[in-house]
Amino acid sequence: MNNKSFLIIVIQSLLILILIWLLILVSKDELFDDDELEEEIIVDYTQVDGGLTYVILSEAVEKNSNIKVEPIQKTTYEKEISSHGEVIDTNQLIELGNLIRKHHLILNKLKLQIDDEQSRLEKYTRLNQDNKNISDKVVREQEILVNGLKNEYEISESEIQLARNTIQYNWGSKLDEIISNSKKNKHCLLLQECSLAQIIIDSNKFNQDLPNILALFNMNDQKNYQGVLLGPSTKLNRSIQGEGFYYLIQKKLLPPGSKLIIKLVPQKTSDDYLFIPKESVVWSHGKQWVYIRNVDAPKFLRKPLENPHETENGWLIKQTNLRDGDYLVVDGAQLLLSEEFKYQIKNENED
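Residues numbered from 1 in each chain as written. Predicted model: local features only at pLDDT ≥ 70, side-chain atom pairs only at ≥ 80, totals over all residues. Heavy atoms only, no water.

Peer 1: I'd like a rundown of the overall build of the protein, residues and numbers included.
Peer 2: What the protein contains, in helices and strands, is six helices and 17 strands. Buried residues in the protein amount to 34% of all 351 residues. Considering only residue pairs separated by 6 or more positions, the protein has 74% of its internal contacts joining residues 24 or more positions apart. (Helix = DSSP H or I, 4+ residues; strand = E, 2+ residues; numbered from the N terminus. Buried < 20%, exposed > 50% of the residue type's maximum accessible area, 1.4 Å probe, protein only. Contact = heavy atoms within 4.5 Å.)

Here it is as structure tokens:
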């Protein structure tokens, strides 16, 4: 009985060992089969042709991946150029203008006096020479009076010239011309019935004649005002690069120092650009790319965007490697990028 029990235990032990061994073998086979299965499922969709890497799919895979394409469309792009300006404090200009007007009135009065006293001096001189009907003293006193009036005339002329020099230095020749010639009908600046705006234009960005009328956006009150071109100006802030121009804001008194924004559109900026929607663009190595589909088959090539101009809904480009009508991937570009680089990463890991 004991021998039979021992024999049964030995047989059971052997069976257990055999089962364990079989389980180990089966497990190894399953692992090996999984690896083989994985290798069989993964498909390399890339193909190198002429140094270019294409992603090639079947029509079924393209459809199941929800890849959508649309023809690239041409569009017109007008580049706006922003410039800045400000409302100028004209208090000193008004004071100088009033000073010029004052001395013009003095000159007119002195001219009449000088003409009158000069005639009287000539009369006294003739009478003095004719039998001394007028004494030498009277002639000398008349000469002193005429010379004094002439000195006053020269002083007023100097005051006018000094004021004009100040205007020319601080505000330029155009405003000097306007203010100094405003004798009978005062200019609206002198009457404080308009505002003077100065804008600075970078000639490297905008190298053509400025429009006579501009919309000036006032950042202080968030309103647009119409400015009428006066002419070139000096630059009150000479650290700002560009050329200065004056615009007159009629019938409006805006606070001096108000900041202005001006939008300029060059006359010859309309051109054919290609529009690239945002959803078409993928990023790789710090650059923007798009995928273009072959016309006849789901064969995709990645192309870079060169100097794209960003808009609200995408990018505008003008380049030779993309053309109007090319089939642009608008949905699924990121999937194609993943497929293209997945095998490069895999091959690097195998090495």
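Peer 1: Describe the state of the cysteines, and please don't skip the residues or the numbers.
Peer 2: Disulfides are covalent bonds that connect the sulfur atoms of two cysteines. In this structure the tally under the stated criterion is one disulfide. Residue pairing for Cys188: its cysteine sulfur links by disulfide to Cys194, the two sulfurs lying 2.1 Å apart. For the disulfide bridge between Cys188 and Cys194, the dihedral angle about the S-S bond is near 85°, and by the sign convention the bridge is right-handed. Look at Cys188 and you get buried, because its relative accessible area is 15%. (Disulfide = S-S within 2.5 Å.)

Peer 1: Explain the pattern of salt bridges to me, using residue names and the numbers behind them.
Peer 2: This structure, assessed with the given rule, holds eight salt bridges. Arg120 serves as the salt-bridge partner of Glu117, at 2.9 Å between the closest nitrogen and oxygen. Taken together, the positions of Glu117 and Arg120, both in helix α3 (residues 91-129) and three residues apart, correspond to about one turn of that helix. By relative accessible area, which is 30% here, Arg120 ends up partly exposed. As a salt-bridge pair, Glu340 and Arg302 come within 2.9 Å of each other at their nearest N and O atoms. Linking Glu340 in helix α6 (residues 333-350) with Arg302 in strand β14 (residues 299-304), this pair joins segments that are 38 residues apart in sequence. In this pair, the class of Glu340 matches that of Arg302, namely buried. Here the residues in one salt-bridge network are Asp116, Glu117 and Arg120, joined through shared partners. (Salt bridge = Lys/Arg side-chain N within 4 Å of Asp/Glu carboxyl O.)

Peer 1: Lay out the packing of α3 against helix α5 (residues 173-180) with the relevant residues and their values.
Peer 2: Each pair of packed helices can be described by the angle between their axes along with the distance between the axes. Their axes nearest at 9 Å, the elements α3 and α5 cross at an angle of 45°. Comparing the axis directions of α3 and α5 gives the class oblique. As α3 packs across α5, the resulting crossing turns out to be right-handed. Packed against α3, whose contacting residues are Leu93, Gly97, Ile100 and His104, the element α5 presents Leu175, Ile179 and Ser180 at the interface. Considered class by class, the residues forming the contact of α3 with α5 number four nonpolar, three polar and no charged. (Axes fitted to C-alpha atoms, helices over the stretch in contact; angles between N-to-C directions. Parallel < 35°, antiparallel > 145°, perpendicular 65-115°, else oblique. Left-handed = near helix turned anticlockwise from the far one by under 90°. Nonpolar A, V, L, I, M, F, W, Y, C, P; charged D, E, K, R; others polar.)

Peer 1: Describe the packing of aromatic side chains, listing the residues and the values that go with them.
Peer 2: Evaluated as defined, the whole model comprises zero aromatic pairs. The cationic tip of Lys299 hangs over the ring face of Tyr54; the distance from NZ or CZ to the ring centre is 4.4 Å. (Phe/Tyr/Trp six-rings, centres within 6.5 Å; stacked < 30°, edge-to-face > 60°. Lys NZ or Arg CZ within 6 Å of the ring centre and 35° of its normal.)

Peer 1: With reference to specific residues and values, describe unusual backbone geometry.
Peer 2: The phi angle at Gln222 is positive, at roughly 60°, despite the residue not being glycine. Locating Gln222 in the fold gives a position in the loop between β7 (213-218) and β8 (223-233). Although it is not a glycine, His285 sits at a positive phi angle of roughly 55°. For His285, the position within the fold is in the loop between β12 (282-284) and β13 (287-293). Taking the relative accessible area as the measure of exposure, His285 reaches 71% and is therefore exposed.

Peer 1: I'd like to hear about the nonpolar core, residue by residue, with values.
Peer 2: If you look at the biggest cluster of nonpolar residues, it comprises 20 residues, and the most contacted ones within it are Ile167, Trp171, Leu175 and Leu196. With near-sequence residues (within four places) excluded, Ile167 lies in contact with Leu93, Leu96, Ile100, Gly172, Leu175, Asp176 and Ile179. Within the second largest apolar cluster, 17 residues are counted, among which are Val87, Ile201, Phe245 and Leu260. (Core = buried A, V, L, I, M, F, W, Y, C linked by side-chain atoms within 4.5 Å.)

Peer 1: I'd like a rundown of helix α4 (residues 136-171), residues and numbers included.
Peer 2: Its 36 residues place the ends of α4 52 Å apart at the C-alpha level, agreeing with the 52 Å of an ideal helix rising 1.5 Å per residue. For α4, the complete set of buried residues consists of Val139, Gln142, Val146, Leu149, Ser156, Ile160, Ala163, Ile167 and Trp171. Where α4 is buried, its residues contact α3, α5, β6 (194-201), β8 and β9 (243-250). At the C-terminal side of α4, Gly172 shows a positive phi close to 100°. (Expected span 1.5 Å × (residues − 1).)

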